[in-house]
Amino acid sequence: MGRAAAVGSPAIRTVFFFTTITIFFFSRNALSFYLPGVAPEDFRKGDPLNVKVNKLTSIKTQLPYSFYSLPFCHPDKIVDSRENLGEVLRGDRIENSPYVFKMREPQMCNVVCRITLDSKIAKEFKDKIEDEYRVNMILDNLPLVVPIPRQEPESPPVYQLGFHVGVKGQYSGSKDGKYFLHNHLSFTVKFHKDEQTDAARIVGFEVTPYRLMVVLYYMSRFSVKHEYDGKWSENTRLSTCDPHAKRTVSVSNSPQEVEDKQEVIFTYDVAFQESEVKWASRWDTYLLMSDDQIHWFSIVNSLMIVLFLSGMVAMIMLRTLYRDISKYNELETQEEAQEETGWKLVHADVFRPPSNSDLLCVYVGTGVQFLGMVLMTMVFAVLGFLSPSNRGGLMTALLLLWVFMGIFAGYAASRLYKLFKGTEWKRIALRTAFLFPATVFSIFFVLNALIWGQKSSGAVPFGTMFALVFLWFGISVPLVFVGSYVGFRKPAIEDPVKTNKIPRQIPEQTWYMNPIFSILIGGILPFGAVFIELFFILTSIWLNQFYYIFGFLFIVFIILLVTCAEITIVLCYFQLCSEDYLWWWRSYLTSGSSALYLFLYATFYFFTKLDITKPVSGALYFGYMLIASYAFFVLTGTIGFYACFWFTRLIYSSVKID
């Protein structure tokens, strides 16, 4: 009867209904809603379609290179088409290409160019094939994808970005490894046709998947050693494929080897396929996840568990605090007051400024800046403004929001600084504006130097570096000073109780209240709330896959906020009950320690999911994950600090202090 009454109570039903509606709304938002990012363009039959090329990418090296870093066919004049700061930081190199289609006019065996390999060029191609580099192209803002069929016959295919430069294997009956170049591309352009105007919009850009077989004699839709009669000229007709004779590339053709003095002819086919998919929904198929069932189950399961634990913790805390406050307020005699124990006993020391209080103010202000940046980014992403069609949009939004949130960083740091009786607000503003950005910029500069050494397109050029410095010094730093000035002009926050001049001696603590132990324990639950989503984020970043489930991510972020706040409050309450009043830094470190588990998980992910072997690539991975963990520490630590700050002020203002 008791369980039935608890489950059927109006409060529980209301919470369950609200949670269900929230999951439904954000999951629908995550899977289907986005703004396409560019205005639709109508193409009529015969209109030119210009294919653009992007960077070469590899999940083995994580070092992008320009498409024309290899001697592929190129137009007479190469034009850079990058549009925003985020694209440059991502290493994108969007340029024009010699591949030009005509709308709804199929082409067969169209010759692009002919080159002859020397030993140096052959080695460059072999190195890129060995590292499994993929070629990325763009048509009408849609990336080129390779559809990979799933095991379930009726399930839609999984799309992989780009196609491999080549493949390594051997002929049938041979043990010698050979490198083969993908020199023949078979494109498929999907379009949605307007029956009234006969105009069409592009809704898909695919390349025919090659068959992954060990015996390369039977695998040659991409790698073809073209043959022709006589001497080469612009009018030479190939014997391996001929549009005049309607002869296409067949599996009987030999693949194109990569060796010194080998002649390579690059060709392509283009087919047009009408689709029922409308232009506004053309990204839906790209965003389908290969393991969406596991993702759904994991997110919902994690949400339910954390909500249940949060509810239990909240009920325990409220009941315990209510009993303590009632008990303390009923103490009337002097003897009873002298025998009081627990958190009330340290009321005269609990608001004593901590050691290194200036540094704490700086980190709290930086955390507020991060919190504002993440919240605004989540809002824009959930509303669809940061769709993957807007390349570099997410990176650009993060940078700009970080810069403009500097005013809140200065305000929060100076308010806390004034609470600690500080007087030099300019110094605290300067440290807030420089401590975290300078640390991150130093690591980023070293990593960028490593990328420069590899001659990768991922290296940030000098002009972009100057733009980043301008954003920092020209906008962020002044805003931090403005926020600090405004915050310091406000009246100081008053403590609910007075602080003694002589600090109270802290009694010896039990082993489980040891600061290091309690801090490490406190970071487990916040990390447990996000580690499932962290797997998908790492996969999208380091395995070059799409990530557009911001609805789920927003739910997980809210869970993270609640979990950080509650676990910090619980451990802070136990700490005060054991008459240890040094809670300022411990509240920050308790929830901030989840960043340690994040970095350890990133290390586990590196050795179990990635195939990175080069030292430079490993340094890039751990360098960027160190920056991410540092940012996560600042964010979660600030959440825990403010939760404990609010909690202590609440309980000590609720009891009668003589």
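As annotated in an unreviewed UniProt entry, the protein chain carries the name Transmembrane 9 superfamily member and is attributed to Penstemon smallii. Quoted verbatim from the Sequence similarities (unreviewed entry) field of the UniProt record, the comment on the protein chain reads "Belongs to the nonaspanin (TM9SF) (TC 9.A.2) family."

Undergrad: Can you break down the confidence of the model for the protein chain residue by residue, with the values?
TA: Counting all residues, the mean pLDDT for the protein chain is 81, and 84% of those residues have values of 70 or more. Of all secondary-structure elements in the protein chain, the lowest mean pLDDT belongs to helix α1 (residues 2–7), at 36, while helix α16 (residues 594–609) reaches the highest, 95.

Undergrad: Let's hear about the side chain of T57: which residues, and what values?
TA: Topologically, T57 is positioned in strand β1 (residues 48–57). A distance of 3.2 Å separates a polar atom in the side chain of T57 from a polar atom in the side chain of N136. If near-sequence neighbours (up to four positions away) are discounted, T57 is found in contact with E132, Y133, R134, N136 and N544.

Undergrad: Mind laying out the state of the cysteines, listing which residues take part and the relevant values?
TA: Scanning all chains against the criterion turns up 2 disulfides. One disulfide in the model links C73 with C113; its S-S distance is 1.7 Å. Between C73 and C113 the sulfur-sulfur dihedral comes to about -75°; the bridge is accordingly left-handed. Taken as a pair, C73 in the loop between β1 and α3 (85–89) and C113 in strand β3 (residues 107–116) lie far apart in primary sequence, 40 residues in all. This pair shows no difference in class: C73 is buried, exactly as C113 is. One disulfide bridge connects C109 with C241, the sulfur atoms lying 1.7 Å from each other. Of this pair, C109 sits in strand β3 while C241 sits in the loop between β12 (200–207) and β13 (263–274), placing them 132 residues apart in sequence. Of the two residues, C109 and C241, both sit in the buried class. Sequence-ordered numbering of the bonded cysteines in the protein chain gives a pairing of 1-3, 2-4.

Undergrad: Pulling in residues and values, what's your account of the environment of N110?
TA: Within the secondary structure, N110 sits in strand β3. A residue is classified by how much of its surface remains accessible, and N110, at 27% relative accessible area, is partly exposed. Sequence spacing of N110 and C241 is 131 residues, and the spatial spacing of their C-alpha atoms is 9.3 Å. Among residues more than four places away in sequence, those in contact with N110 are F266, T267 and Y268. In terms of polar contacts, N110 uses its side chain to reach the side chain of Q107, at 2.5 Å.

Undergrad: How would you explain the nonpolar core if you had to name every residue and give the values?
TA: By size, the foremost hydrophobic cluster in this structure holds 90 residues, and its most contacted members are L576, W583, W584, F641 and Y652. Ranked by the residues each element gives to this core, the list is headed by helix α17 (residues 615–652), at 17 residues. L70, C73, V207 and Y268 belong to the second-largest nonpolar core, a separate cluster that totals 59 residues.

Undergrad: Just give me the short version of a nonpolar patch on the surface, but keep the residues and values in it.
TA: Residues M376, V379, F380, L383 and F385 make up a contiguous nonpolar surface patch of roughly 410 Å² in combined accessible area. Relative to the helices and strands, F385 is located in the loop between α7 (357–382) and α8 (393–404).

Undergrad: Explain the pattern of salt bridges residue by residue, including any values.
TA: Going through the model one piece at a time under the given rule, you end up with 18 salt bridges. Residue K126 is joined to E259 by a salt bridge in which the shortest nitrogen-to-oxygen separation is 3.4 Å. Here K126, found in helix α4 (residues 119–130), pairs with E259, found in the loop between β12 and β13; they are 133 residues apart in sequence, far enough to count as distant. Under the relative-accessibility criterion, K126 is labelled partly exposed at 22%. The exposure class of E259 is partly exposed, given its relative accessible area of 25%. The partner of R586 in a salt bridge is D580, with the nearest N and O atoms 3.0 Å apart. Per residue, the accessibility class of R586 equals that of D580, and both read buried. What emerges from the salt-bridge pattern is a single network uniting K55, R90 and D92.

Undergrad: Tell me about the packing of helix α10 (residues 425–453) against α17, and please be specific about residues and values.
TA: How two helices pack is summed up by the angle between their axes together with the distance between the axes. Between α10 and α17, whose axes approach to 10 Å, the crossing angle comes to 170°. As summarised for this structure, α10 and α17 are arranged roughly antiparallel, according to the angle between their axes. Note on packing geometry: the crossing formed by α10 with α17 is left-handed. Contacts between α10 and α17 involve F436, T439, V440, I443, F444, L447, L450 and I451 from the former and V616, A619, L620, G623, Y624, L626, I627, Y630, A631 and V634 from the latter.

Undergrad: Kindly report on helix α14 (residues 550–577), identifying the contributing residues and their values.
TA: Along its 28 residues, α14 runs 40 Å from first to last C-alpha, staying within 8% of the 40 Å computed at 1.5 Å per residue. Counting buried positions over the 28 residues of α14 gives 24, a clear majority of the element. Residue E579 follows α14 closely and has a positive phi angle near 65°.

Rules behind the numbers
- Residues numbered from 1 in each chain as written.
- Predicted model: local features only at pLDDT ≥ 70, side-chain atom pairs only at ≥ 80, totals over all residues.
- Heavy atoms only, no water.
- UniProt positions renumbered as here; feature names shortened; annotations may be inferred.
- pLDDT = per-residue confidence, 0-100.
- Helix = DSSP H or I, 4+ residues; strand = E, 2+ residues; numbered from the N terminus.
- Polar contact = N/O pair within 3.5 Å; in protein donor to acceptor, adjacent residues only side chain to side chain.
- Contact = heavy atoms within 4.5 Å.
- Disulfide = S-S within 2.5 Å.
- Buried < 20%, exposed > 50% of the residue type's maximum accessible area, 1.4 Å probe, protein only.
- Core = buried A, V, L, I, M, F, W, Y, C linked by side-chain atoms within 4.5 Å.
- Patch = residues over 30% accessible without salt bridge, like charges linked within 9 Å, V, L, I, M, F, W, Y side chains within 5 Å.
- Areas by Shrake-Rupley, 256 points an atom, 1.4 Å probe, with all protein chains shown as cover.
- Salt bridge = Lys/Arg side-chain N within 4 Å of Asp/Glu carboxyl O.
- Axes fitted to C-alpha atoms, helices over the stretch in contact; angles between N-to-C directions.
- Parallel < 35°, antiparallel > 145°, perpendicular 65-115°, else oblique.
- Left-handed = near helix turned anticlockwise from the far one by under 90°.
- Expected span 1.5 Å × (residues − 1).

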